[in-house]
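Observations on chain architecture
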Amino acid sequence: MAGDGTIFGAMLQEFDEAARILNLEPGIWKILTSPRRQIIVSCPVQMDSGEIEVFTGYRVQYNIALGPAKGGIRYHPDVSLDEIRALAAWMTWKCAVAQIPFGGAKGGVVCDPTSLSRRELEALTRRYVAEIIDAIGPEKDIPAPDVNTNDQIMAWVMDTYSMHVGQTTTGVVTGKPVELGGSKGRREATGRGVMIVTLEAARHLGIEVNGATVAVQGFGNVGSVSADLLAEAGAKIVAVADHKGGVFNPRGLDVAKMIAYARDCRTVDGFPGGEPLTNEELFRLDVDILIPAALENQITLENACDIRAKIITEGANGPTTPDAHKQLHERGIFVIPDILANCGGVTASYFEWVQDRHGYFWEEREVNERLEAKMRQAFDAVLQTGLTYAVDMRTAAYICAINRVATVTKMRGMYA
Ligand code: NAD
């Protein structure tokens, strides 16, 4: 239910707002707010100690009107069906906003990957894939990396699926190593997209990026690349925080050194190039640009009033609660919503899937150029929709997405 305190409820609240403006037919409304398929699996794994642990895994295929389902796999102790369902719905709207021919899905396993050995992680991944094997495939549902999963884990996904079907099937998963059918530029694509839309927003608002101050929450794949590319574009990264703590330096942090530090220490906490900083303090900083790139529900009614940034680019999925978003919008803060801001990752995943199917691979320059064109096109379409309907960027992005998915749903008709 919309607004019931769940993550899926928050997604529905955002959806309903746009659907009302569009005057969406009740039947289509029902279809688009119902997850198509939700799978729960148990994955037994023999641990290094010899004991057997059983891990719970999920895969939700939310909607496949536009094409095969697409969405990442998350490993985290707090993974729940509610969270995965919401993330699968957001993938549906994101693919529609990005104008790529995919539906939306998401997967997750309840585990703490930092406490697992490499062998245990591989065994868990292979068992999880074996449990959902009938539901995935290059024409059905194509996983990708998300929080705490990476290209090595995607290689195990690809190998497990390939062993089951008896042939190497690179197109079953994206975000693979480049040597194994991955795409150049995919690893950086989400952060690159975040950088591109942030520059577009700054241009629209008349903010000079050169010297603009930036705070980033989360320094994994999305946060670190966003910080690195924004610094390259001339912005000054003054604060970064992750699950352990953060650092602040008003003169600017050395992002390249911080990436090396985070690789070795698995956190930015203790980085010697600045003063210690908490996540709470990061949101209160007087910066031009704020990039939440960690998890859901980080910007709430409790801290939204302290935010002073002019632009918020949602690198993470669902970092802002609907009530907090309303408050930010009323205060004139320009929020680039998740389903637009971080769609660079799935766009490059689409490029990877296309290359795998052709067996012909592009140079990084070509990937980056195509990505930039797609991101700008998506940003412009959402901005224009926002101006036409006189709504914020999030509602505008939902209007674009719902329009596209509703149109093809009606074209396809009802199979019964
Ligand atoms: P990651 O695992 O590489 O990094 C996650 C980062 O968040 C780490 O720095 C971690 O320390 C930090 N973090 C975790 N819990 C935190 C907390 N409670 N407080 C502060 N920081 C915390 O994950 P990622 O791939 O960078 O994904 C980050 C977000 O971006 C997620 O919401 C994900 O769904 C979204 N996203 C990722 C991609 C992608 O291509 N990887 C694409 C689109 C959206």
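What counts and how
- Residues numbered from 1 in each chain as written.
- Predicted model: local features only at pLDDT ≥ 70, side-chain atom pairs only at ≥ 80, totals over all residues.
- Heavy atoms only, no water.
- Near = heavy atom within 4 Å.
- Polar contact = N/O pair within 3.5 Å; in protein donor to acceptor, adjacent residues only side chain to side chain.
- Areas by Shrake-Rupley, 256 points an atom, 1.4 Å probe, with all protein chains shown as cover.
- Helix = DSSP H or I, 4+ residues; strand = E, 2+ residues; numbered from the N terminus.
- Nonpolar A, V, L, I, M, F, W, Y, C, P; charged D, E, K, R; others polar.
- Domains from an automatic or database assignment.
- Contact = heavy atoms within 4.5 Å.
- Buried area = accessible area lost by both parts, 1.4 Å probe.
- Salt bridge = Lys/Arg side-chain N within 4 Å of Asp/Glu carboxyl O.
- Pairing = 2+ DSSP bridges.
- Axes fitted to C-alpha atoms, helices over the stretch in contact; angles between N-to-C directions.
- Disulfide = S-S within 2.5 Å.
- Buried < 20%, exposed > 50% of the residue type's maximum accessible area, 1.4 Å probe, protein only.

1. As for the site of the ligand
Near the ligand, the surroundings consist of 22 residues, among which D146, T190, F219, H243 and N317 are the closest. Between the ligand and N221 there is a distance of 2.9 Å, counted from an oxygen atom to a backbone nitrogen or oxygen. Measuring from an oxygen atom of the ligand, one finds a side-chain N or O atom of H243 at 2.5 Å. Coverage of the ligand by the protein amounts to 85% of the 830 Å² it exposes when considered alone. Counting only elements with at least two residues in the shell around the ligand, the list comes to α6 (186-205) and α7 (221-232). Residue composition of the shell around the ligand, by class: 7 nonpolar, 11 polar and 4 charged. Mapping the shell around the ligand onto the domain boundaries places at least three of its residues in each of domain 1 (37-171) and domain 2 (189-341).

2. Here's the deal with the domain arrangement of the protein chain
Its domain assignment divides the protein chain into domain 1 (37-171) and domain 2 (189-341). Taking the mean C-alpha position of each, domain 1 and domain 2 sit 27 Å from one another. Residue-level contacts link 12 residues of domain 1 with 9 residues of domain 2. Between domain 1 and domain 2 lies a buried interface of about 830 Å² when both sides are counted; carbon and sulfur atoms form 60% of it. Among the residues of domain 1 in contact with domain 2, W90, K94 and V97 are the three that bury the most area, contributing 51% of the side total. The partner of E296 in a salt bridge is R74, with the nearest N and O atoms 2.7 Å apart. Taken together, domain 1 and domain 2 are joined by 2 residue pairs in polar contact (both at pLDDT 80 or more). At the level of elements, β3 (69-76) and α3 (81-98) are the ones that each hand at least two residues to the side of domain 1 that touches domain 2. When residues in the side of domain 1 that touches domain 2 are grouped by element, the largest group, 6 residues, is from α3. A class-by-class count of the residues in the side of domain 1 that touches domain 2 yields 5 nonpolar, 2 polar and 5 charged.

3. Remarks on the sheet that holds strand β10 (residues 289-292)
Strand order in the open sheet formed by 7 strands is β9-β8-β7-β6-β10-β11-β12, and the pairing between neighbours is mixed. What marks the edges here is a single partner per strand, and that holds for β9 (275-277) and β12 (334-336). Taking each pair of neighbouring strands and ignoring which way they run, the sheet shows an average axis angle of 25 degrees. Direction of pairing for strand β8 (residues 246-248) relative to β9: antiparallel, over a ladder of 3 bridges.

4. A look at the state of the cysteines
Counting across every chain of the model gives 0 disulfides. C43 carries a free sulfur, and the closest cysteine sulfur to it, the one in C111, is 9.6 Å from it. Residue C43 is classed as buried on the basis of its relative accessible area, which comes to 0%.

5. Here's the deal with the environment of K184
Of note, K184 is situated in the loop between α5 (151-165) and α6. For the pair K184 and D78, spaced 106 residues apart in sequence, the C-alpha separation works out to 32 Å. In this view, K184 contacts V178, W362, E363, E364 and V367; residues no more than four positions away in its chain are not counted. A distance of 3.3 Å separates the side chain of K184 from the side chain of E363, its partner in a polar contact.

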